[in-house]
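Structure at a glance
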Amino acid sequence: MNPSTAFATVVVDELIRSGVREAVLAPGSRSAPLALALAAADREGRLRLHVRIDERTAGFLALGLIRGTGLPVPVVTTSGTAVANLHPAVLEASHSGLPLIVLSADRPPELRGSGANQTTDQLKVFGSAVRLFHEIGTPKRELGQAAYWRSLLARTVSTAVGARTSDPGPVHLNCALVEPLVPTDDGDWPESLEGRSGPWTSVHPTAAQPSSIAPGPKTVVVAGDGASQAARLAAEAGNWPLFAEPSSRARTGPAVISAYRLLLAASSLTDEIERVVVFGHPTLSRPVAKLLARPDVEVIVVAPTGLWPDAGRRASAVVTGLEVTAADQTDWFSRWQQLDEQARPALDKVLSDGLPGPAIAAIVGEAVGADGMLVVASSNPVRDLDLAPVVPIRTVANRGLAGIDGTLSTAVGAALANAGPTYALVGDLAFLHDANGLVIGPTEPRPDLRIVVVNDNGGGIFSTLEQGDSSHGAYFERVFGTPHNVDLAALCAATGTPYTLAESADALRAALVRTVAGIDVVEARVDRATHRDLQAELLRAVSQL
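Small disclaimer: the values here were computed from a predicted structure and weren't measured.

Structural notes on the packing of aromatic side chains
Overall, the coordinates contain seven aromatic pairs when judged by the stated rule. Taking the centre distance of 6.3 Å and the plane angle of 35° together, the rings of Trp 149 and Trp 189 count as tilted. Of this pair, Trp 149 sits in helix H6 (residues 145-161) while Trp 189 sits in the loop between strand S6 (171-176) and strand S7 (202-203); the two residues are 40 residues apart in sequence, bridging distant segments of the chain. As far as burial versus exposure is concerned, Trp 149 and Trp 189 are alike and both buried. Among the aromatic residues, those joined into a ring-pair cluster are Phe 243, Tyr 260, Trp 332 and Trp 336. Sitting above the plane of the Trp 308 ring, Arg 155 keeps its charged end 4.4 Å from the centroid.

Some points on the pairing of strand S19 (residues 499-502)
Where S19 lies against strand S20 (residues 519-525), four bridges are found, and the strand directions are parallel. In the sheet register, Thr 500 faces S20, and the bridge partner there is Val 522. Between the parallel pair S19 and S20, the chain is carried across by helix H17 (residues 505-513), and the sense of this crossover is right-handed.

Quick notes on helix H13 (residues 407-417)
Of all the residues in H13, the buried ones are Thr 407, Leu 408, Ala 411, Val 412, Ala 414 and Ala 415. Viewed end-on, H13 has its buried residues packed into an arc of 165°, placing them on one side of the element. Those residues of H13 that are buried are in contact with strand S15 (373-376), strand S17 (422-427), helix H14 (428-433), strand S18 (449-455) and S20.

Concerning the environment of His 433
Following the sequence through the fold, His 433 ends up in helix H14. C-alpha of His 433 to C-alpha of Leu 408: the two residues are 25 residues apart in sequence and 8.8 Å apart in space. Apart from the residues lying within four places of it in its own chain, the contact partners of His 433 are Ile 404 and Asp 405.

Quick word on the side chain of Gln 122
Within the element layout of this structure, Gln 122 appears in the loop between strand S4 (100-106) and strand S5 (132-136). Residue contacts for Gln 122: discarding those within four places in its chain leaves Ser 79, Gly 80, Val 83, Ser 104, Ala 105, Asp 106, Phe 133, His 172 and Asn 174.

Observations concerning the sheet that holds S4
The strand order across the open sheet built from six strands is S2-S1-S3-S4-S6-S5, with neighbouring strands paired in parallel fashion. Only two strands of the sheet have a single partner each, and these edge strands are strand S2 (48-51) and S5. With direction set aside, neighbouring strand axes in the sheet form an average angle of 20°. Where strand S1 (residues 22-25) and strand S3 (residues 73-77) come together, two bridges link them in parallel fashion. In the sheet register, Leu 25 faces S3, and the bridge partner there is Val 76.

Thresholds applied
- Residues numbered from 1 in each chain as written.
- Predicted model: local features only at pLDDT ≥ 70, side-chain atom pairs only at ≥ 80, totals over all residues.
- Heavy atoms only, no water.
- Phe/Tyr/Trp six-rings, centres within 6.5 Å; stacked < 30°, edge-to-face > 60°.
- Helix = DSSP H or I, 4+ residues; strand = E, 2+ residues; numbered from the N terminus.
- Buried < 20%, exposed > 50% of the residue type's maximum accessible area, 1.4 Å probe, protein only.
- Lys NZ or Arg CZ within 6 Å of the ring centre and 35° of its normal.
- Pairing = 2+ DSSP bridges.
- Right-handed = clockwise from strand over helix to strand, strands pointing away.
- Arc of directions from axis to C-beta.
- Contact = heavy atoms within 4.5 Å.
- Axes fitted to C-alpha atoms, helices over the stretch in contact; angles between N-to-C directions.

In structure tokens, the structure reads:
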């Protein structure tokens, strides 16, 4: 089976699994794979296909079917002007709240602008009239494609019907298809195209009552950014381990496993996990991402609003809330807790040598205290804080897209809104990226904010990733390490910002104990060359437990 045929087979199957019973087609060459898959489904009695030679007529026919059945209806076109002819129907669907699903075939992206036949820019051609737009990557013969297609279609249909938003309307998937466009005997596809027995993801309405969950499978709770106390309460009610990121607002209570990130990567307990309940937006940990992508693990996503995270494309259910019916009576949680209690002193021993990033984060966390607020930058600082002992502090982070830009300005705004002392933990690049955030006019209100800069003179996080391997040493410093050699004291002096250099743990504690009054900066320097070895040493310490 060739990639375009495999893609069309999965798309049509998932549409049917998601409730589609009628489909409309306007003929064309580039859309042939979808047309043949729809015709096969019609022949098998799985849906009813309607063919029209005029795309405008096809679009309004689909609207009539939607009004008559209340179900979402896809309309398939070829590329070029065919897509534009759907615009009137899309506008009507948008203003009427009708779940029209536009599947527009397209040439591969590399042909745009080349003068190739029937090739134009179809990206977001309907503008803000659609509730969702997605350009599907050109189908390839590789593992993971089926999961991508099914997950995307489940999300698309749920958006069209307003399952999570109560705002139904048209959606648009642009499908880049490559030749051959008809079925060929290219051997077996490298993975099953059958999918699950039901839709790839079962999407529950936002207005639905909380879903019940009982003990049974070995369960862990993952609390990503913005998870809230609901994650903590669920973990405690179920007697399950809680893996909570610093900005989750759930990193408190007896269920928290402080060293979860390292334990997931190094402990055999990870292999025993059978179910994961996800709150918030997990972004920090590759071991967590790997866990959420495992095919043998049931993933339940708790999302009170319309969108939900599922980067691993393995979610079996998306629910509005969760009601835990009983606590797990096995030793599952106690085993994680015991391992975490053993890991903490082992990690502290490794981090006691010098003043590495995680040790700085731990000292800052202690200084903030229960009454303070901590704004933490993306990249290494938030990951360093994630390894620190659990301290019940309010933590704010820009984890939506996890960029380092605007961190100082975010901290200034948070401090102006906060009634107590505010701290910021940032890396040197985040500090330099938003150094203008320190430029505040003389008549403007000024916050009480202490900024701690962990300065490793460049992009320290890259040394812990694949790019940091010695095989890339010839180019690493220039294109990843990016040393800048900026004198932060001089930079602070330019804006009249008080500055302190802390060269030891004791000096850092002394600098942080002072009352926070106005904006000041504390710099702590670390050696970027030690990051990769430190990470390996921390993993070794945990793996030996």
